[in-house]
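Summary of the model geometry
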Amino acid sequence: MKKIGRLDKPDNFNTAQMFTNPILERLTRTNILVPITMFLVFAGVSLYYALTTTTINLGLGLGIAVVGYIVFTFVEYMMHKHFFHMEPSNPIKDKLQYTVHGVHHDYPKDKYRLAMPPYVSATYAAIFYLVFTLIMGDYALYFLPGFLFGYASYLGFHYLVHALAPPKNFMKVLWVNHAIHHYKDPDVAFGVSTPLWDIILGTMPKNK
């Protein structure tokens, strides 16, 4: 089992202090509704401009939005597996990995560190918009809402699997997989909002 955090086992009742400066410390925390709302608002604005400033057929546009959502789920999986769980082979990587994700594995129930702070989220959204526009032109105005809706969904599911008991329906797999990822084997179950890419890429938990 690869060690992700710095504690011997996850602490479900406390939190980490990342900075001694109280202002910097406060900036590492956020209510989950803040980034979710930001991404949904950005998605809505992008969709509005897609509908009012382009001649792209609505059916095609909605199809592109669906592709954007699916692409996000792949990005979510790859970022979690290869960036959040990078090998801390030097002090810089060790600090980055712990700050971005290791602290979450140490304190998985810390509800104010289940998402990136708002200023980081806003920066991500701006970068996504610029990159997608460079690649796709006006089609990015439809692609971005699907992608950001995927991001908002991921944040919502991530919060729910840590804050609530698993439901007694088909969505229970998200809770079970994420619990295995945190408490049994961090080298499996990298998908939070969907197990799709874990299934395709062979990282589904073998035994539940």
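Above this text is the structure in question.
Calculation rules
Residues numbered from 1 in each chain as written. Predicted model: local features only at pLDDT ≥ 70, side-chain atom pairs only at ≥ 80, totals over all residues. Heavy atoms only, no water. Phe/Tyr/Trp six-rings, centres within 6.5 Å; stacked < 30°, edge-to-face > 60°. Helix = DSSP H or I, 4+ residues; strand = E, 2+ residues; numbered from the N terminus. Buried < 20%, exposed > 50% of the residue type's maximum accessible area, 1.4 Å probe, protein only. Expected span 1.5 Å × (residues − 1). Contact = heavy atoms within 4.5 Å. 1 Å grid on protein atoms, 1.4 Å probe; cavity = no way out; pocket = protein on both sides within 12 Å on 5 of 7 lines; lining within 4 Å. Points joined across faces, edges and corners; volume = space filled by probe spheres on them. Nonpolar A, V, L, I, M, F, W, Y, C, P; charged D, E, K, R; others polar.

1. What about the packing of aromatic side chains?
Under the counting rule described, the total for this entry stands at 17 aromatic pairs. Between Phe-128 and Phe-132, the aromatic rings sit 5.9 Å apart at their centres with planes inclined by 10°, giving stacked as the arrangement. Residue Phe-128 and its partner Phe-132 are both found in helix H5 (residues 118-136); the two are separated by four residues, about one turn of the helix. Each member of the pair, Phe-128 as well as Phe-132, is classed as buried.

2. Observations concerning helix H2 (residues 33-53)
In this model, H2 (21 residues) spans 30 Å end to end at C-alpha, consistent with the 30 Å of a helix rising 1.5 Å per residue. Check the buried side of H2 and you find it contacts H5 and helix H6 (140-163).

3. Notes on the layout of surface pockets
If you add up the space inside the largest pocket, you get close to 710 Å³. Taken together, 31 residues line the largest pocket, and the ones lying closest to its centre are Phe-84, Val-100, Ala-115, Met-116 and Tyr-124. Every element with two or more residues in the lining of the largest pocket is listed here: helix H1 (22-27), helix H3 (58-84), helix H4 (91-106), H5 and H6. If one sorts the elements of the lining of the largest pocket by residue count, H3 sits on top with six residues. Taken together, the residues that form the lining of the largest pocket break down as 23 nonpolar, six polar and two charged.

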